[in-house]
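Structure at a glance
The primary structure of each chain is shown beneath.
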Amino acid sequence: MALTRFSLNIVKSSFKFSPSSAIRISSNQLLKPTVSQPSRMFTTSKVLSKEQVEELQKNPFFDKYAEKIAKLQKTNPEEFLDRLEAKSAKSQPDKPKDFSLPGAAKPSARDEMGKQKTLDKVMNMSLLADKTAEEIANIWNEHFASKDAVAAVIPVGTYKVMQERFKEFNTFLFPLPRDMGYEFTVVQFMGHEAHFTTLINYQAHKENAPECLSMVHYTELAEEKGIVLMVGEYDKDVLSTGEARSLVVQAIQYYGVSMGEEKKLGHLQRFTYQTEEFNHLDLILELEVNPGFAPVA
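The structure contained in this document is the topic of the report that follows. The shown structure was predicted, so the numbers you read here are calculated from the model rather than taken from an experiment.

Turning our eyes to something else, we now look at the overall build of the chain. Secondary structure assignment for the chain yields 13 helices and 6 strands. Just so you have it, the chain exposes about 17,800 Å², and 52% of that area is on carbon and sulfur atoms.

Here the focus is the pairing of strand β6 (residues 227-234). Residues in a regular strand project their side chains so that they alternate between the two faces of the sheet. In terms of burial, β6 is a largely internal element, 7 of the 8 residues being buried. Summarising the sheet, strand β1 (residues 149-155) and β6 pair through 7 bridges and their orientation is antiparallel. By the bridge assignment, Val150 is partnered in β6 with Gly232. Of the strand pairs in this sheet, strand β5 (residues 213-218) and β6 are connected by 6 bridges, and their pairing is antiparallel. Within β6, the position partnered with Ser214 by the bridge is Glu233.

Here we come to the packing of helix α8 (residues 156-168) against helix α11 (residues 241-256). Running from N to C, α8 and α11 cross one another at 85°; their axes reach a closest spacing of 8 Å. Judged by the inter-axis angle, α8 sits roughly perpendicular to α11. Residues Thr158, Val161, Met162, Arg165 and Phe166 of α8 form the contact with α11, whose participating residues are Ile252, Tyr255 and Gly256. A class-by-class count of the residues in the contact of α8 with α11 yields 5 nonpolar, 2 polar and 1 charged.

So, about the pairing of strand β4 (residues 193-198). Along β4, 6 of the 6 residues are buried, which leaves the element largely enclosed by surrounding structure. By the alternation rule, side chains of β4 split into Glu193, His195 and Thr197 and Ala194, Phe196 and Thr198, which are all buried. Here strand β3 (residues 181-190) pairs with β4 via 6 bridges, running antiparallel. Within β4, the residue paired with Val186 across the bridge is Thr197. Here β3 folds back onto β4, and the loop between the two strands holds 2 residues, one of which, Gly191, carries a positive phi near 65°. Looking at chain direction, β4 and β5 are connected through 4 bridges and run antiparallel. Across the sheet, residue Ala194 finds its bridge partner in β5, namely Met215.

Another point: the sheet that holds β3. Hydrogen bonds along the backbone pair up the strands of a sheet, which may run parallel or antiparallel. Read across the sheet, 6 strands follow the order β1-β6-β5-β4-β3-β2 without closing on themselves; strand pairing throughout is antiparallel. Of all strands in the sheet, those with a lone pairing partner are β1 and β2 (171-178), marking the two edges. Sheet twist, expressed as the mean angle between neighbouring strand axes with direction ignored, is 20°. Sitting on the sheet, α8 is in contact with β1, β3, β5 and β6, with an inclination near 105° to β1.

Attention now goes to the side chain of His267. By the element assignment, His267 lies in helix α12 (residues 262-272). In this structure the side chain of His267 is engaged in a polar contact, spanning 3.3 Å, whose partner is the side chain of Glu286. When sequence neighbours within four positions are dropped, the list of residues in contact with His267 reads Phe172, Tyr254, Phe278, Asp282, Leu283 and Glu286.

Okay, the pattern of salt bridges next. Counted according to the given criterion, the structure contains 6 salt bridges. Here Glu168 ties to Arg165 by a salt bridge, and the two come within 3.5 Å at their closest N and O atoms. With a gap of 3 residues between them, Glu168 and Arg165 both fall in helix α8, about one helical turn apart. Between Arg178 and Glu183 there is a salt bridge whose closest N-O contact spans 2.8 Å. Classification of Glu183 as buried rests on a relative accessible area of 8%. Here the salt bridges share partners, and the residues they tie into one network are Arg178, Glu183 and Glu243.

This part takes up the packing of α12 against helix α13 (residues 280-289). Two elements in contact, α12 and α13, have axes separated by 11 Å at closest approach and are oriented at 150°. With respect to α13, the element α12 is oriented roughly antiparallel. In this structure, the crossing between α12 and α13 has a hand that is left-handed. Contacts from Lys263, Lys264 and His267 in α12 reach Asp282, Leu283 and Glu286 in α13. Classifying every residue of the contact of α12 with α13 by side-chain character gives 1 nonpolar, 1 polar and 4 charged.

So, about unusual backbone geometry. We note that Lys206 has phi near 50°; this positive angle belongs to a residue other than glycine. Assignment of secondary structure puts Lys206 in the loop between α9 (199-205) and β5.

The next thing to look at is the nonpolar core. If you look at the biggest cluster of nonpolar residues, it comprises 42 residues, and the most contacted ones within it are Phe172, Leu173, Phe174, Phe196, Leu213, Leu239 and Tyr255. For this core, the element with the most residues is α11, which contributes 6 residues. Residues contacting Phe174, with those up to four places away along its chain left out, are Glu183, Phe184, Thr185, Val187, Phe196, Leu247, Gln250, Ala251, Tyr254 and Tyr255. Judged by nonpolar contacts, the second largest core, of 15 residues, contains Val122, Trp140, Tyr218 and Ile227.

Criteria and thresholds
Residues numbered from 1 in each chain as written. Predicted model: local features only at pLDDT ≥ 70, side-chain atom pairs only at ≥ 80, totals over all residues. Heavy atoms only, no water. Helix = DSSP H or I, 4+ residues; strand = E, 2+ residues; numbered from the N terminus. Areas by Shrake-Rupley, 256 points an atom, 1.4 Å probe, with all protein chains shown as cover. Buried < 20%, exposed > 50% of the residue type's maximum accessible area, 1.4 Å probe, protein only. Pairing = 2+ DSSP bridges. Axes fitted to C-alpha atoms, helices over the stretch in contact; angles between N-to-C directions. Parallel < 35°, antiparallel > 145°, perpendicular 65-115°, else oblique. Contact = heavy atoms within 4.5 Å. Nonpolar A, V, L, I, M, F, W, Y, C, P; charged D, E, K, R; others polar. Polar contact = N/O pair within 3.5 Å; in protein donor to acceptor, adjacent residues only side chain to side chain. Salt bridge = Lys/Arg side-chain N within 4 Å of Asp/Glu carboxyl O. Left-handed = near helix turned anticlockwise from the far one by under 90°. Core = buried A, V, L, I, M, F, W, Y, C linked by side-chain atoms within 4.5 Å.

Below you can see the structure in the form of structure tokens.
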């Protein structure tokens, strides 16, 4: 990860916590390809528990199909219980990912740090001249919808604020809900890029920590179209789509609109300048009060 070391006490210490319509005609021409029932060892005879029976009887169709259910349970109890378990598992909502464990360190990428990524490697720029900002935004978002990435289109005015904040508050923390509490990610901004890693990986590997999310902002259309195109590619073994979106939204909330959000701006200032007054629990409260988007199912 292209992270540099920083010596803030809050990161050095160990944390202990108890997660439109798209234009289809021209998208293929404009966008370039992006490179970037287990077997059972034991057979057991199943028994329907009291809780499963009670849950089944709550089903409004139980009385209607009681005879068929009883027949299937008697003639093929294994199939009956397999179906019941499959339905029960399907009805359970997805759980947040568990806490991360330290991953392997990544080799230093200092030679790549100075190379700015350009939009012409992603889109055919010559075909954009007659497109409106809205059309380009639809093409951009549609292209990345099926990939392990989160895309956004940022108004140029908002991005100018973000750039200034990137420079002043170069490093920060964002919380993510996990199964047993919250896990923190460290972000560092370099030019038009943002690099995220879990706090535990940063503590273990410092600047060589593996990234869980990498954001790139393309500014080539800022002057002519008034938009900045952003894409964030994430490690799906570490983050879900919703968690990657949460990090992107939090970055925009804190760095793009924080001038009108005194509380969020205050967190940035305390983390950078008054570290002894910074409290990571305040960030969790901010996320719970204003997640900024509807969770992804």
